[in-house]
Each structure stands twice: as structure tokens, then as C-alpha cells.
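Observations on chain architecture
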Amino acid sequence: MSVSVWRGNAAGGRYETFEVPQYESQTILDVVSWIQQHADPTLTYRFACRVGMCGSCAMMVNGTPRWTCRTHVRKVLDGNKLTVAPLRNLPVIKDLAADMDPFFNKWVKAGGRHRASATRADPIAPVKPESQARVTANAGIECINCSVCYSACDTVAANPDFLGPAALQRAWTIVNDEKHAGREAVLETVSAAGGCHNCHSMGSCTAHCPNELDPLSAIAGLKRATARNFFKRRG
């Protein structure tokens, strides 16, 4: 098969085409690894677990963000051709390795880090797993910050200040976490410019999430919660 791979860095680049042998149960990560091992050892890319647990191998495959370790060639091969590029909406370090700093900076800005409401010396407060808040919080905790949703988001593409679906989904988890201190501050942050109200509800984040999470619904929850806060203050 003919595989076009993006080569370059933040200053620019081009596609380079390689002829790669096909075999059974071959993944896109296998293809990229074959090129690096047999055709061009200077090809730069990122991966770790190879089993869909870390998310570090995410790339654009035929224009769609995917985990390359879980994407089989036979499912995406288009006329015996493939195109592989770094994740969009992020700066490029080199070749297929994107710079994740803007993604994680926004995650932190949205209030993604846990702030304890008690100390180790305090008694452990029980949290009922069946409570609505806990169920809502649990819905997003399997996010592994692979940035596929961020790369799929057209709002991020049009507005670099938009926090993005992963950061906002994390904020919604935090808002519903009974043990988190400063949940109101998180709502204030995500209601500001670049926050949840900048989302156009296109749903690309949910459609492309490899873990089948639903950031779109989380963002909708933030919109409702921030609106309630706004009218509560006015009242």
C-alpha cells in the first residue's frame, strides 16, 4: 500500500510517500513503525502501550483523529492508500509528534486539578456511588487525555482560546465531585470567554471519542449549571 506521511515541524513540512507491505491484523501504528524501522529511521512519532490504554499514539488517519494502535488498516484503507499526519489543532514538534502543552494547559486552566476539601487527618466522608452527582462524575472519569476530541473539534480550530471538550468534560466531573473544594470557582472559569458557552454543540468530540465518552453532554451540563448560577446571582 501507498502511505503518505507528514514530515516536518512547526515551521512547515510536506508529505512523503512510502510503499509498505500489507499483512493480516495490521494497525496504523504497525504501518508507522514499519516505516521507521525499515524505510526511514528519522521518522518521529509517539506511542507507549500499544493496547489502547495511554492514548499517546493518536494521529490523523485519512483526515480523522484516531488511536493508531487500535485502528486496523483494512478498516480505513482507501484505494490502497493511507494518509497519516499529526493531530490537528496542536503545534507540531516533528513529523507525527504533536505538542500537547496547549491541550494540558487548558485542562489545568479549566480547573481540572483536584482540590481536596478535607485533609488526611479528617474522617473519610462517605460518597454514595448511586447518587446522581457521583453517577454524573463517573461518566467522564475514563478520559485518558489522548486529545482525539480536541483534534476533532472545529470550534477549537476556529477559536484557539476555546478550552476544548476534554478540559470542559473534566470540569463537569469536578463540578459533580462532592469531595472537590472550589466547585463554584470552576463554574466561574468555564463560563468565561473560551469556556462552555463557546461550544457550538456540533458533537464531533463525542462522535470521535475512542472510549465512547460523551463530552458534548458534559458541556451541555456546564451550560445549564453556569446559567443557573448567573440567574441565581441576579435574583
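Because the structure is predicted, anything quoted here is derived from the model rather than measured.

**Quick notes on unusual backbone geometry**
Phi is positive for S147, which is not a glycine, with a value near 75°. Inspection of the secondary structure assignment puts S147 in the loop between helix 4 (132–138) and helix 5 (148–152). Look at S201: it is not a glycine, yet its phi comes out positive at around 60°. Positionally, S201 belongs in the loop between helix 8 (183–190) and helix 9 (204–208). For S201, a relative accessible area of 43% corresponds to the partly exposed category.

**A few points about the packing of helix 3 (residues 101–109) against helix 7 (residues 165–175)**
Axis separation between helix 3 and helix 7 bottoms out at 8 Å; the angle between their running directions is 25°. The orientation of helix 3 relative to helix 7 falls into the category roughly parallel. The handedness of the crossing between helix 3 and helix 7 comes out as right-handed. For the pair formed by helix 3 and helix 7, the contact residues are F103, K106 and W107 on the first element and A166, A167 and R170 on the second.

**Considerations on the sheet that holds strand 4 (residues 64–67)**
Sheets are built from strands that pair by backbone hydrogen bonding, the pairs being arranged parallel or antiparallel. With mixed pairing, five strands are arranged side by side in an open sheet as 2-1-5-3-4. With one partner strand each, in any of the chains shown, strand 2 (12–19) and strand 4 form the two edges of the open sheet. For this sheet the average axis-to-axis angle between neighbouring strands, irrespective of direction, equals 30°. Both strand 3 (residues 58–61) and strand 5 (residues 81–85) contribute to a ladder of two bridges, which runs antiparallel. Bridge pairing in strand 5 links V61 to V84.

**Quick word on the pattern of salt bridges**
For the structure shown, the criterion picks out seven salt bridges. Here R50 makes a salt bridge to D30, at a shortest N to O gap of 2.9 Å. One end of the pair, R50, is in the loop between helix 1 (28–39) and strand 3; the other, D30, is in helix 1, and 20 residues separate them in sequence. The exposure class of R50 is partly exposed, given its relative accessible area of 37%. A salt bridge links D154 to R88; its shortest N-O distance comes to 2.5 Å. Taken together, the residues D154 in helix 6 (residues 154–158) and R88 in the loop between strand 5 and strand 6 (92–94) connect sequence positions 66 residues apart. Relative accessible area serves as the criterion here: at 33%, D154 is assigned to the partly exposed category. By relative accessible area, R88 is classed as partly exposed at 30%. The structure contains a network of salt bridges with shared partners spanning R7, E16, D40, K94 and D95.

**Focus: the pairing of strand 1 (residues 2–9)**
Where burial is concerned, most of strand 1 is hidden: seven out of the eight residues are buried. From the end of strand 1 to the start of strand 2, which pair antiparallel, there are two residues. With four bridges connecting them, strand 1 and strand 5 associate as parallel partners. Looking at the pairing, S4 lines up with T83 of strand 5.

**Details of the pairing of strand 2**
Across eight bridges, the pairing between strand 1 and strand 2 is antiparallel. Bridging across to strand 2, V3 finds its partner in F18.

**Structural notes on helix 10 (residues 215–234)**
With 20 residues, helix 10 should cover 28 Å at 1.5 Å per step; its first-to-last C-alpha distance of 29 Å lies within 8% of that length. Residues of helix 10 that are buried: P215, A218, I219, G221, L222, A225, T226 and N229. Within helix 10, the buried residues cover an arc of 155° as seen down the axis, which keeps them to one side. Turned more than 90 degrees away from the buried face of helix 10 sit R228, F231 and R234, all of them exposed. Those residues of helix 10 hidden inside the fold are in contact with helix 7, helix 8 and helix 9.

**Considerations on the packing of aromatic side chains**
Inspection of the entire model under this criterion finds three aromatic pairs. Ring geometry for Y45 and F47: centres 5.6 Å apart, planes at 15°, overall stacked. With relative accessibility at 36%, the residue F47 sits in the partly exposed group. Ring geometry for F103 versus Y150: centroids 5.6 Å apart, planes at 85°, classification edge-to-face. Of the two residues, F103 sits in helix 3 while Y150 sits in helix 5, which places them 47 residues apart along the sequence. The pair F103 / Y150 is uniform in exposure class, with both members buried.

Reading the values: rules and limits
Residues numbered from 1 in each chain as written. Predicted model: local features only at pLDDT ≥ 70, side-chain atom pairs only at ≥ 80, totals over all residues. Heavy atoms only, no water. Helix = DSSP H or I, 4+ residues; strand = E, 2+ residues; numbered from the N terminus. Buried < 20%, exposed > 50% of the residue type's maximum accessible area, 1.4 Å probe, protein only. Axes fitted to C-alpha atoms, helices over the stretch in contact; angles between N-to-C directions. Parallel < 35°, antiparallel > 145°, perpendicular 65-115°, else oblique. Left-handed = near helix turned anticlockwise from the far one by under 90°. Contact = heavy atoms within 4.5 Å. Pairing = 2+ DSSP bridges. Salt bridge = Lys/Arg side-chain N within 4 Å of Asp/Glu carboxyl O. Expected span 1.5 Å × (residues − 1). Arc of directions from axis to C-beta. Phe/Tyr/Trp six-rings, centres within 6.5 Å; stacked < 30°, edge-to-face > 60°.

Read these as layout, nothing more, since geometry by itself doesn't imply function.
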